[in-house]
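Chains, contacts and geometry: an overview
Residues per chain, in single letters:
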Amino acid sequence: KAGVTQTPRYLIKTRGQQVTLSCSPISGHRSVSWYQQTPGQGLQFLFEYFSETQRNKGNFPGRFSGRQFSNSRSEMNVSTLELGDSALYLCASSNRQGVTNYGYTFGSGTRLTVV
Amino acid sequence: GQQVMQIPQYQHVQEGEDFTTYCNSSTTLSNIQWYKQRPGGHPVFLIQLVKSGEVKKQKRLTFQFGEAKKNSSLHITATQTTDVGTYFCAGRDNQGGKLIFGQGTELSVKP
């Protein structure tokens, strides 16, 4: 079956602009999580969604937001981009339901460069 | 908040040598997961440990979860060049909260 699909793969934006990243999870997976990966900070948790509801949120400013649709596809938005937002944004899906935890399947990520 | 620390940050070994990375959480975990990320790739799920004191093996890889469910380790026996990459642990707290990743251990293997 198809893996986790993230679009676009690469993005270059200017400071102050906004950006929307998309993630299509594995068919049947209802949980989607987003992470920011940078060389200095590793994988930082952004959000987790399950059945269109945000279940957990990381320690990022309000400029970072996300949502999940009824088909489990998810988007994240970053407004008023800053140079420090340059990173690889990874989406991961899982079969997580309730307190039962499963391993994450990651997408290839969106490489965002802010200039 | 919950923190997951992982050491060492880097490890350089000669092919055939063993390798171990350690993971410590500031809080008790409901489970711990391990991932491998090859250079230029994305993290790939290796395994999940749930029970206190659990030990699991995958060929040359041995994973352990501490008795207190606050620490874990990954040991690779007789490393090969295919083991190159960054190994991450990731822990979830008892309240079913977010999955927090350690900083990762970057393994390089010299043939």
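1. Quick notes on the sheet that holds strand 1 (residues 5-7) of chain A
All names here are of chain A.
- Spatial strand order, 1-3-8-7: four strands in an open sheet with antiparallel pairing. Single-partner strands in this sheet number two, and they are strand 1 and strand 7 (64-68). The mean inter-strand angle of the sheet, taken between neighbouring strand axes irrespective of direction, is 15 degrees.
- Alignment of strand 3 (residues 19-24) against strand 8 (residues 74-78), held across five bridges, turns out to be antiparallel.

2. Some remarks on the interface of chain A and chain B
- Counting residues at the interface gives 21 residues for chain A, matched by 18 residues for chain B.
- With both sides pooled, the region where chain A packs onto chain B buries about 1,500 Å², and carbon together with sulfur makes up 48% of that total.
- Counting the contacts that link chain A with chain B gives one salt bridge.
- In this structure, Arg92(B) and Glu48(A) form a salt bridge, with 3.7 Å as the shortest nitrogen-oxygen distance.
- Counting across the chain A and chain B interface gives five residue pairs in polar contact (both at pLDDT 80 or more).
- For the side of chain A that touches chain B, the elements supplying multiple residues, two or more each, are strand 4 (31-38), strand 5 (42-50) and strand 6 (53-57) of chain A.

3. Notes on the side chain of Thr105(B)
- Summarising the element assignment, Thr105(B) is placed in strand 11 (residues 105-110).
- There is a polar contact of 2.7 Å between the side chain of Thr105(B) and the side chain of Thr21(B).

4. Section: the packing of aromatic side chains
- Taken as a whole and assessed by the stated rule, the structure comprises 14 aromatic pairs over all chains.
- On the basis of an interplanar angle of 70 degrees and a centroid distance of 5.6 Å, the ring pair of Tyr35(A) and Phe45(A) is categorised as edge-to-face. You can see Tyr35(A) sitting in strand 4 and its partner Phe45(A) sitting in strand 5, a full 10 residues away along the chain. One exposure class covers both Tyr35(A) and Phe45(A), and it is buried.
- Centroid distance Phe106(A) to Phe101(B): 6.0 Å. Interplanar angle 75 degrees. Geometry classified as edge-to-face. Here Phe101(B) lies in strand 10 (residues 99-101) and Phe106(A) lies in strand 10 (residues 105-106), a pairing that spans two chains.
- Judged by relative accessible area, which is 4%, Phe106(A) ranks as buried.
- Take Phe101(B): its relative accessible area is 4%, and that puts it in the buried class.
- An aromatic cluster is built from Tyr35(A), Phe45(A), Tyr104(A), Phe106(A), Tyr35(B), Phe45(B), Phe88(B) and Phe101(B), whose rings are joined through pairwise contacts.

5. A look at the side chain of Glu48(A)
- Note that Glu48(A) resides in strand 5.
- Its relative accessible area of 0% is what places Glu48(A) among the buried residues.
- Here the side chain of Glu48(A) touches Asn56(A) through a polar contact of 2.9 Å, side chain to side chain.
- The contact partners of Glu48(A), leaving out residues within four places of it in the chain, are Ser31(A), Val32(A), Ser33(A), Thr53(A), Gln54(A), Arg55(A), Asn56(A), Arg96(A), Tyr104(A), Arg92(B) and Gly97(B).

6. Quick look at the nonpolar core
- Of all hydrophobic cores here, the largest spans 33 residues; its most connected members are Tyr35(A), Phe106(A), Ile32(B), Trp34(B), Tyr35(B), Phe63(B) and Phe101(B).
- With 21 residues, the next largest nonpolar core counts Val19(A), Met76(A), Tyr89(A) and Cys91(A) among its residues.

What counts, and at which threshold
- Residues numbered from 1 in each chain as written.
- Chains lettered and ligands numbered in written order.
- Predicted model: local features only at pLDDT ≥ 70, side-chain atom pairs only at ≥ 80, totals over all residues.
- Heavy atoms only, no water.
- Pairing = 2+ DSSP bridges.
- Helix = DSSP H or I, 4+ residues; strand = E, 2+ residues; numbered from the N terminus.
- Axes fitted to C-alpha atoms, helices over the stretch in contact; angles between N-to-C directions.
- Contact = heavy atoms within 4.5 Å.
- Buried area = accessible area lost by both parts, 1.4 Å probe.
- Salt bridge = Lys/Arg side-chain N within 4 Å of Asp/Glu carboxyl O.
- Polar contact = N/O pair within 3.5 Å; in protein donor to acceptor, adjacent residues only side chain to side chain.
- Phe/Tyr/Trp six-rings, centres within 6.5 Å; stacked < 30°, edge-to-face > 60°.
- Buried < 20%, exposed > 50% of the residue type's maximum accessible area, 1.4 Å probe, protein only.
- Core = buried A, V, L, I, M, F, W, Y, C linked by side-chain atoms within 4.5 Å.

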